[in-house]
Amino acid sequence: MKSVEQRLLSPADRLLAAAASAVLPGANQTEGRLTVLESVASVVAGWQLDEFWAAMDQGVSGIRSDPTPWAYQILESIAATPIPTALALAALSREVLPAGQQRSTGAYYTDWRLAEMLADASVPKVKVDGPWVDAACGTGVLLAAAALQVPAGRHRDTVIRDKLSGADLSRNALRGARLSVASLTSELSVVQGFTRRLLLQDSLRSRDSWQALAPAGAGLVIGNPPWEKLRVSRHEVAKSNGVNRAYGQSFERDVDLSKDRTRLLSYIEQVATGTRLQGRGEHDLYKLFLELGMGIAAEGGVLALLLPAGLIRSQGTEGLRRELNTVARDLSISVIENRASNFAIDTRFKFLSVVATIADGQRRPISLKVADRTGTLPDDPVTMGRAKLAKVRQDFSIPEVRTVEEWDLYARLAMNATTVGDPNGPWRPQYSREVDMTLDRKSFLPTHSQESLPLLEGRHVAQYRWRAKSYESGEGRSAIWRPQPLSRSPLKTQWYVPLRAMRRTTLERTTTSRIGFCDITGQTNERSLLVARVPDGVVCGNKVPTLAFHDGGAEREDLFLALANSLVVDWMLRRIVTTTVNFFLLDTLVLPRISEDSEVGREIVDLARRITAAEGNLSADLLIVGQWRARSDALIAASWGLSTADMEIVLRDFPLLDRGQPALEGESSSTVTADSVLAELSVLLGEQHPSTERCENERQAGAIPYIPAEFHLKGAA
């Protein structure tokens, strides 16, 4: 997978590879490429290459031909792209790393568009003196982007010579940073000043160097620090050793992790000692760099970082969120999905641009922008009052709302609700991961025996369904699963677990039915929260955590089942989830205050039971089941105080619904599920709504609500 930047620069990259071989045939590839790129920088800036090497005290030997003609060809190729030359030089200076090494170092390089965006959002805010620091600068794309925000000439030269500062573990990366920034000035004395503040170091182990460089703090801390958990896994070690495998596959032989773990523990001790905001659980490099950045910034300085979305929602980042909320007078957060292929990773990966002014004084509302499904940020932010945020998200996690209307609706619902994990609330679930798909794998059996139970995996589970898909073949992410019709769905599983391999508490749990959910999800999936009643006689893998409630019995379980599968609760979850519904996240999810023994609660429980019983029932009528679900959704929405206008806001967040259903004449796609819910809600509210007539027309056209597209399109409805 390549990023947009990689694709745009492919012609220049090919020229560069050829030039490196011709100019320095005896050197390694990186040495040759950097030598040629220094020639490119000299052509752009106007200084002499020999004088540059002399000024930098850089000896270059073995040159077979003049790199200048190549430099002009490379510049011509760069000019055919929208990438500014200095940022293109930074990109071309990067070392090409194997996938395993790239992941282990967190080296997902900064796209030029993100560099420009972050620099544009931060540099104009800098009002105090002090260096402009990138503590993990790589080849300097963010430093170059920051310099480009300053008008060319004396002012920019001053910034480059006296302010720009960077550090990296790689000497080659710092050489790339030097040449890319050097292309922005014609004065070699300016480049010399910049070079003195390029530090070859691990910034997490060299905090004192920043105190020496900026005793009064940095005016700007800008960066895209490494995003990588400090842990050792068999999968990653095997991949780094050249093994070609899919995640989740069995290992043909044991992988020795002892040396890697010892080395990692030593490093963690060095970099985490003295920190106070890292929280519990696994250490993560981006968390360490964020705490470092807040410590480096001067009073009135600006912090501008690209970070994973976990910062605004993970349990382990609560301390960092609270500190940022405390020290930032101004705080702007943009939530971006990798739809524009900024990074050469999954387009669904979500990350943040965080820009904060670190200063005392009255804290202003948080400015929040959430990109749409194309990756485009809105022009106008949502302003989120911090006191109001603290009321609706006590852990200071930030819901992803795109408009003022969404924020108002979210806050209104959250303040008229109880969280799943509220110790004084009705739910207080006891969670269990019954079998671990990795640690317990060695005991699994491929065929059934009298002394084993079938293993339920995440792909089995859909809304109200515990055998929605059947296992066909393969392992891990390469396994093949087939959607099954609602009325004909025998359980077909990949593994069976011997009774003797289970803990006593797990065995006891398998003797009763319970509520389970698929913990792998996504905000932009057709539906995000998938909850089902799991029967007795099966055991659940760790991707299907199960819940038990302190009291309330089966009625409370079925009420939870209906609420969790409702569109409104799903909408609330989508504001705070990325890819996993973990226990912490589910505990913070809000549910309406509906009791199972109230009139509406009893009807919702009855509907949940009828919907659940439809799975495997040969006489099940899909249209009637869809009507039950619409009624349940409407009852929940009405009980929570939603109007039809509110519900329309909710439904806009589910554009993938009904993709397999016939659309009304003149329309491009079906909206039968949305119309069914709105029609039921309007009846409950005593209103007239056009959805009623639309529903009738859709049913005559053969459209059925609540049929997931993959089931309809593959003939499994």
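Now for a quick tour of the structure. Along each chain, residue indices are assigned from 1 in the same order as the chain's sequence is written. Residues qualify for local features only when their pLDDT is at least 70, as the model is predicted, and side-chain atom pairs are given and counted only at 80 or more; totals for whole chains, interfaces and linings, by contrast, use all residues. Side-chain measures were taken over the full set of non-hydrogen atoms in the model, leaving aside hydrogen atoms and water.

A word on the packing of aromatic side chains. Classification of ring pairs uses Phe, Tyr and Trp, with its six-membered ring standing for Trp, and accepts pairs whose centres are within 6.5 Å; under 30 degrees between planes counts as stacked, over 60 as edge-to-face, and the remaining range as tilted. Applying the stated criterion across every chain, the model contains eight aromatic pairs. Their ring planes at 55° and their centres at 5.3 Å tell us that F549 and F560 sit as a pair that is tilted. Of the two residues, F549 sits in the loop between β19 (546-548) and α21 (553-564) while F560 sits in helix α21, which places them 11 residues apart along the sequence. Buried means the residue's accessible area, taken with a 1.4 Å probe over protein chains only, is under 20% of the maximum for its type, while exposed means over 50%, and partly exposed covers the values in between. Taking relative accessible area as the criterion, F560 reaches 2% and is therefore assigned buried. Members of the aromatic cluster, joined through ring pairs, are W427, F549 and F560. Stacked on the ring of F583, the Lys or Arg R433 has its end atom at 4.6 Å from the ring centre. A cation over an aromatic ring shows up here: R575 above the ring of W571, its NZ or CZ 4.9 Å from the ring centre. The way it works is that DSSP assigns letters per residue, a run of H or I at least four long becomes a helix, a run of E at least two long becomes a strand, and they are numbered from the N terminus. By definition here, charges over rings are those cases where NZ of Lys or CZ of Arg is within 6 Å of the ring centre and within 35 degrees of the ring normal.

With that settled, the discussion passes to the sheet that holds strand β18 (residues 539-540). The strand order across the open sheet formed by three strands is β15-β12-β18, and the pairing between neighbours is mixed. The open sheet has two free edges, formed respectively by β15 (496-498) and β18, since each of these has just one partner strand. Two strands pair when backbone bridges link them, and strand β12 (residues 452-456) and β18 are joined in this way by two bridges, in the parallel orientation. Paired with L455 across the bridge in β18 is V539. Only strands that DSSP links by at least two bridges are regarded as paired with each other.

With that settled, the discussion passes to the pattern of salt bridges. Take a side-chain nitrogen of Lys or Arg and a carboxyl oxygen of Asp or Glu: if they are within 4 Å of each other, that pair is a salt bridge. Overall, the coordinates contain 46 salt bridges when judged by the stated rule. Here E400 and R313 are joined by a salt bridge, their closest N and O atoms 2.1 Å apart. Of this pair, E400 sits in the loop between α18 (386-392) and α19 (404-415) while R313 sits in the loop between β5 (297-308) and α17 (318-327); the two residues are 87 residues apart in sequence, bridging distant segments of the chain. One salt bridge connects D330 with R364, and the closest N-O pair in it is separated by 2.7 Å. Separated by 34 residues along the polypeptide, D330 in strand β6 (residues 328-337) and R364 in the loop between β7 (350-358) and β8 (366-370) bring together distant segments of the chain. One continuous salt-bridge network, built from bridges that share partners, spans R533, E555, E557, D558 and R609.

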